[in-house]
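Descriptive analysis of the structure
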Amino acid sequence: MIRSALLLLAALALLLFAGCATTPASGPRYDSSAVADVFERYITASGGRATLAGAQTLFVEEDVVSERDGARISYTVLRCSTTAGLFSLCTTFAEPGGITDMAFNGEVGWRRNAALGFSFLSPAECQSLAAIFNPQRAVRVSYSYRRQMRLPDSVVHGRACHTLLLTPNSGTAETWHFDAVTGQLLRIESPGLTPEQSVALEFDDYRIVDGQIYPFVERRFEAGTVTTTTRKVVRFNRDFPDTRANPSFTELTEAAEADRILNRYAASLGDLQALASFTSRYMESVLENKSSGTKTVTRLTIKRPNRVLVEEETPGIGLSARGYDGTTGWSANEVEGYRELTGLELAQFLGSADLYANARLPASAQLRRLLPATEVSGHPVNVLALATMQGPLGTFYFSKENGRLLRVDGIATSGTHSSVPMQVEFSDFRLVDGVIFPFVITATNPAMRLVTTVTSLQHNVPVDDAIFRPRREDE
Amino acid sequence: MRGRTTRWLLPWFCSVVLCAAAPASSADAAAETTPAPATTAELDWPTMRQRTFDEVWITVNESYFDPTFGGVDWAAVRTEFAARLPDVADKAALRLLLQQMLGELKRSHFGIVPREAAVFTPAERARIGTIGAEFTALADGVYVFRVHPDSPAARAGVHVGDAVTRVNETVLAELDARLTEYGMPPARRRHHLTWAVTTWTRAAVGTEFTLGLRAPDGTERSVQLATAPHPGEWSEPVGNFPAEPLEFESVREADGTGYLRLNVFAVPLMRPLRAFVRQLPADAGLILDLRANPGGLTAMAPGITGLLVSHDVSLGRMRLREGELGFPAYAQKHHFDGPVAVLIDGASASTSEILAAGLQGLGRARLFGETSAGAALPSAFKQLPTGDLFQYAIGDVQTIKGETIEGHGVVPDVPVASTPAQLAAGEDPVLAAARAWIAAEHAARETPPASAVATAPAASP
């Protein structure tokens, strides 16, 4: 699923500027003069120390487009930031997302969407965003990495580059490529904690703005998604508009409660390190359609980083299979024959390839609304309406007893064609390889009632990549 | 699974939503000729009766796509029919009561199928016999449309073009009059009568009955028939949807035109259909005969469409009580580009109508024949406490033009009505019209544009 670019940007910022303070602790830490030389040329290419030091505020208006396999999400961002670490963003998505404000007033950071909810920005998020939005970013980069090494020169898009390996206080080392002629930063590569988290950033279209030389085009490459940010307006030293209303007491208390509920949910999953360590999953289940009496045997195979195979066998209909081999998404069944999955349909399908999906909910739920507590199947539950900045995820019901997710009310979609409200309940929780999974999932809509019962679940099983390849027999 | 991400459930669900014409509706309940043997029940009869009644009423109450029930006071209907429950003594009477209650909705795809009339195992295939004749509705009645060689109908002297006047004691004209009084629209009436005759003549193997016939010259006669086993393949049951006898006909005509006919939409027919379409050359034409096809698996409509289009398209959408499901058709790599003619008649129903309307709306096919049944509500089947099957509509189909098929039917581009005399003479004016159109399409493609002649250079002096 394509996630908010800002969230991804924040994650990258965390990797790039981990441990960054708003003021340098004790001067630059260069491993060698070769490293220092690269940084100095970069600072010069950005406008020079004097100009950079004079930048106190930064105003940017930009358009962002995220694309993957033909699926496209676009939004606009207006942001203001100061060297003191204050910032204010206004992100506008198409409906139902609408406008989300993000801000940090020096004490607390938050996201607010009038319809979708409110949440805190974590201290790490505030720090990362403040760093990445810092008007003096170019001159402060060198303070953010505890280890800095010069690597052999490289080539990026035909341009010779000086290359540095920078290791933050936490996270994996990054490779930075600077144009050997101009000194401009062209590319950053971060392998991430998992292959799915590897990220590359590219910078282009440098222009002079208020004495600084600033990239007007930025591209981010992550797990098949390309996010292009095109800056329309960049200004330094504009007045910082303090127009965002500080959080109310109600917002603060409810956001704190939402955080508590989601943290408890994450804890209820079991051993998250074990979950992050899974390299494959094989699951068998039976999906019973109570409305029509059909019983479908489903076999799901997932292999890191992103291979997935779903086979479904229904008496009277036959075998249906969908898969992704890292390059091609495909579907094959008796009725449609063979076809390739693209765009939104592929993006939705690949969501099922995420071994870590269960744990991502707190991070994905950027906006939250606390709803009245109630009961699900006799169990007292806390209730949260969760959303991303693009729109609602659904209403989530968490057990008061143990934090587990017991029910979700949401919209089930298929490509752009279908949208069906569903109520999904989870039950029969079992511990498998250190992680808690529901073994019965009941999905209900007035027109249908679908009960999935897991019959087998294994992790880290050997999987031959050949099984994910397209089945083109009926092409 | 999170929030809006039950994605893997929806495509699968779409594939098992069924759009097959319902069995005889409530107005026809009196004409049912199949007695209902008593079931072995763990429940006492009053309890089973009540639970069955409740399940039917509640299912409609909760799942019917129209929360207003088309203006019907569904709660009042329950009160009215519940009051009659104590007098219902057996399954047959309960079936009749339920059919009448469902009939208040005046919609297709609501009905009760006796379990003993449904086929779920090979051993049960004897429950559905055949006389080897197919029927169609013309303007003034139900007519014999096709007689298979060496079938009970052929041996009994049933001829193409005969009008069906009576099945056992049921006089079709009287039934038609009752349906008219009941307010059933003409299109649905024609479909209902044809379906009723078809259903009655599919009785258990060995069932004897009398057909009243009228020849094209007006001569009336009666023939005695007994059903025989279906000679061909069967589909497999899909959940609570029973197995169906299959008929599939594929012919390459002398001019290269491909002719396809399938009697229902069932998965086993998809593979030979796909193979046939793929072997058609680009300069051929395709005739898809959906006459007397009552429907079947809804997903086959987009599946077949995918063989006929060069890019992904939509056939419309299905509106549920909450939400909607689309009918995306994904273009197949080896699709057919030539002209496509679709034949429909008053007995073309359900998935036949969805496919025909979809191809027509896309401009991909030209429709020939008569307005279809107007019975296109995707439905599901569930088993009742009595063991009978309950078919109930869960969605309403809207074409890509936003039009509803239910109650209206699909109007052909080229209306062609057969006459009994034409049927009797072995003529098929609908098929002939389709063939002529395909020939004209090919001729138009091969004829150079007129301007090329007009601008020919003058000869040099």
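What this report covers is the structure whose coordinates are included nearby. (Residues numbered from 1 in each chain as written. Chains lettered and ligands numbered in written order. Predicted model: local features only at pLDDT ≥ 70, side-chain atom pairs only at ≥ 80, totals over all residues. Heavy atoms only, no water.)

In terms of helices and strands, chain A carries nine helices and 26 strands. Seen along its three principal axes, the alpha-carbon backbone of chain A occupies a region of about 75 × 55 × 40 Å. With 475 residues in all, chain A has 55% of them scored as buried. At a minimum sequence separation of 6, the contacts of chain A that also span at least 24 residues come to 49%. For chain A, the computed accessible surface area is about 18900 Å², with 53% contributed by carbon and sulfur atoms. Placing the 46 positive and 52 negative side-chain charges of chain A at their respective mean positions leaves the two points 3 Å apart. (Helix = DSSP H or I, 4+ residues; strand = E, 2+ residues; numbered from the N terminus. Buried < 20%, exposed > 50% of the residue type's maximum accessible area, 1.4 Å probe, protein only. Contact = heavy atoms within 4.5 Å. Areas by Shrake-Rupley, 256 points an atom, 1.4 Å probe, with all protein chains shown as cover. Lys, Arg positive; Asp, Glu negative; His and termini not counted. Charge placed at Lys NZ, Arg CZ, Asp CG, Glu CD.)

Glancing now at the overall build of chain B. Each helix and strand in chain B was counted, giving 13 helices and 22 strands. Counting over 461 residues, chain B shows a buried share of 57%. Contacts in chain B between residues far apart in sequence, at least 24 positions, make up 71% of those at least 6 positions apart. Here chain B has roughly 17600 Å² of accessible surface; of this, 54% comes from carbon and sulfur atoms.

By a widespread convention, an interface's size corresponds to the accessible area lost as its parts come together. Across the contact, 48 residues belong to chain B and 57 residues belong to chain A. Summing both partners gives a buried area of about 4600 Å² for chain B against chain A, and 58% of it is carried by carbon and sulfur. Inspection of the region where chain B meets chain A yields one salt bridge. Of the charged contacts in the structure, one is a salt bridge between Arg271 of chain B and Glu334 of chain A, with a shortest N-O distance of 2.4 Å. Remark: the boundary between chain B and chain A carries 11 residue pairs in polar contact (both at pLDDT 80 or more). For the side of chain B that touches chain A, the elements supplying multiple residues, two or more each, are α1 (9–16), α2 (45–63), α8 (270–278), α9 (300–305), β16 (324–329) and β19 (379–383) of chain B. The biggest single contributor to the side of chain B that touches chain A is α1 of chain B, with seven residues. Split into classes, the residues belonging to the side of chain B that touches chain A amount to 23 nonpolar, 12 polar and 13 charged. (Buried area = accessible area lost by both parts, 1.4 Å probe. Salt bridge = Lys/Arg side-chain N within 4 Å of Asp/Glu carboxyl O. Polar contact = N/O pair within 3.5 Å; in protein donor to acceptor, adjacent residues only side chain to side chain. Nonpolar A, V, L, I, M, F, W, Y, C, P; charged D, E, K, R; others polar.)

This paragraph deals with the nonpolar core. One finds Phe398 of chain A together with Val342 of chain B to be the most contacted residues of the largest nonpolar core, which totals 120 residues. If we ignore the near neighbours within four places in the chain, the residues touching Val342 of chain B are Leu288, Leu290, Ala356, Leu359, Ala365, Arg366, Leu367 and Phe368 of chain B. Of all hydrophobic cores here, the second largest spans 22 residues; its members include Ala133, Val164, Val167 and Leu175 of chain B. (Core = buried A, V, L, I, M, F, W, Y, C linked by side-chain atoms within 4.5 Å.)

Glancing now at α8 of chain B. In an α-helix, one turn spans 3.6 residues, which is why side chains three or four residues apart end up on the same side. The complete set of buried residues in α8 of chain B reads Met270, Leu273, Arg274, Phe276 and Val277 of chain B. Taken down its axis, α8 of chain B places every buried residue within 165 degrees of arc, on the same side. Along its buried surface, α8 of chain B packs onto β18 (329–333) and β19 (337–341) of chain A together with β11 (248–252), β12 (258–262), β13 (286–289) and α9 of chain B. (Arc of directions from axis to C-beta.)

It is worth spelling out the pattern of salt bridges at this point. Residues and elements named next belong to chain A. Counted according to the given criterion, the structure contains 52 salt bridges over all chains. The partner of Glu288 in a salt bridge is Lys290, with the nearest N and O atoms 3.3 Å apart. Note on Glu288: relative accessible area 23%, which makes it partly exposed. With a relative accessible area of 37%, Lys290 lands in the partly exposed category. Close ionic contact of Glu311 with Arg299 constitutes a salt bridge, the shortest N to O distance being 3.5 Å. Here Glu311 is found in strand β16 (residues 307–314), whereas its partner Arg299 is found in strand β15 (residues 294–303), with 12 residues between them in sequence. Judged on exposure class, the residue Glu311 and its partner Arg299 are both buried.

Residue and element names in this part refer to chain B. Reading across from one edge, β11-β12-β13-β17-β18-β22 is the order of the six strands in this open sheet, with mixed pairing throughout. The sheet is open, and its two borders are formed by β11 and β22 (414–415), each paired with just one other strand. In this sheet, strand β17 (residues 340–344) lies alongside β13 in parallel orientation, the contact comprising four bridges. Within β17, the residue paired with Leu286 across the bridge is Val340. Against the sheet, α8 engages β11, β12 and β13, with an angle of about 170 degrees to β12. This element, helix α12 (residues 429–446), spans β12, β13, β17 and β18 (366–369) of the sheet and lies at about 165 degrees to β17. (Pairing = 2+ DSSP bridges. Axes fitted to C-alpha atoms, helices over the stretch in contact; angles between N-to-C directions.)

Another point: α2 of chain B. All names here are of chain B. Across its 19 residues, α2 extends 27 Å between first and last C-alpha, which sits within 8% of the 27 Å expected from 1.5 Å per residue. Among the residues of α2, Met48, Arg49, Thr52, Phe53, Asp54, Val56, Trp57, Thr59, Val60 and Ser63 are the ones counted as buried. Here the buried face of α2 lies against α3 (74–82), α4 (91–103), β2 (111–113), β19 and β20 (389–393). (Expected span 1.5 Å × (residues − 1).)

Quick look at the packing of α3 of chain B against α4 of chain B now. Helix packing geometry: the angle between the two helix axes and the distance between the axes. Residues and elements named next belong to chain B. At a closest axis distance of 10 Å, the pairing of α3 and α4 adopts a crossing angle of 155 degrees. Between α3 and α4, the angle is such that the two are roughly antiparallel. As α3 packs across α4, the resulting crossing turns out to be right-handed. Facing Trp74, Val77 and Phe81 of α3, the residues of α4 in contact are Leu97, Gln100, Met101 and Leu102. (Parallel < 35°, antiparallel > 145°, perpendicular 65-115°, else oblique. Left-handed = near helix turned anticlockwise from the far one by under 90°.)

Each neighbour pair has its own omega, and for Arg304 of chain A with Pro305 of chain A the value is 10 degrees, a cis peptide bond. Positive phi, normally seen in glycine, also occurs at His157 of chain A, with a value near 50 degrees. Mapped onto the fold, His157 of chain A is located in the loop between β7 (145–156) and β8 (159–168). You will see that Ala292 of chain B, though not glycine, has its phi angle at about 60 degrees, which is positive.

Time to look at the packing of aromatic side chains. Applying the stated criterion across every chain, the model contains 19 aromatic pairs over all chains. For the pair Tyr145 of chain A and Trp176 of chain A, a centre-to-centre distance of 5.9 Å together with 75 degrees between the ring planes defines the contact as edge-to-face. On the criterion of sequence distance, the pair formed by Tyr145 of chain A in strand β7 and Trp176 of chain A in strand β9 (residues 174–179) is long-range, its members being 31 residues apart. On the basis of relative accessibility, which here comes to 2%, the residue Trp176 of chain A falls in the buried class. Ring centres of Phe69 of chain B and Trp74 of chain B lie 6.0 Å apart, and the angle between their planes is 20 degrees; this geometry places the pair in the stacked category. Each member of the pair Phe69 of chain B and Trp74 of chain B is classed as buried. Stacked on the ring of Tyr330 of chain B, the Lys or Arg Arg339 of chain A has its end atom at 3.3 Å from the ring centre. Of note, Arg407 of chain A hangs over the ring of Tyr397 of chain A, and the distance from its end group to the ring centre comes to 4.3 Å. (Phe/Tyr/Trp six-rings, centres within 6.5 Å; stacked < 30°, edge-to-face > 60°. Lys NZ or Arg CZ within 6 Å of the ring centre and 35° of its normal.)

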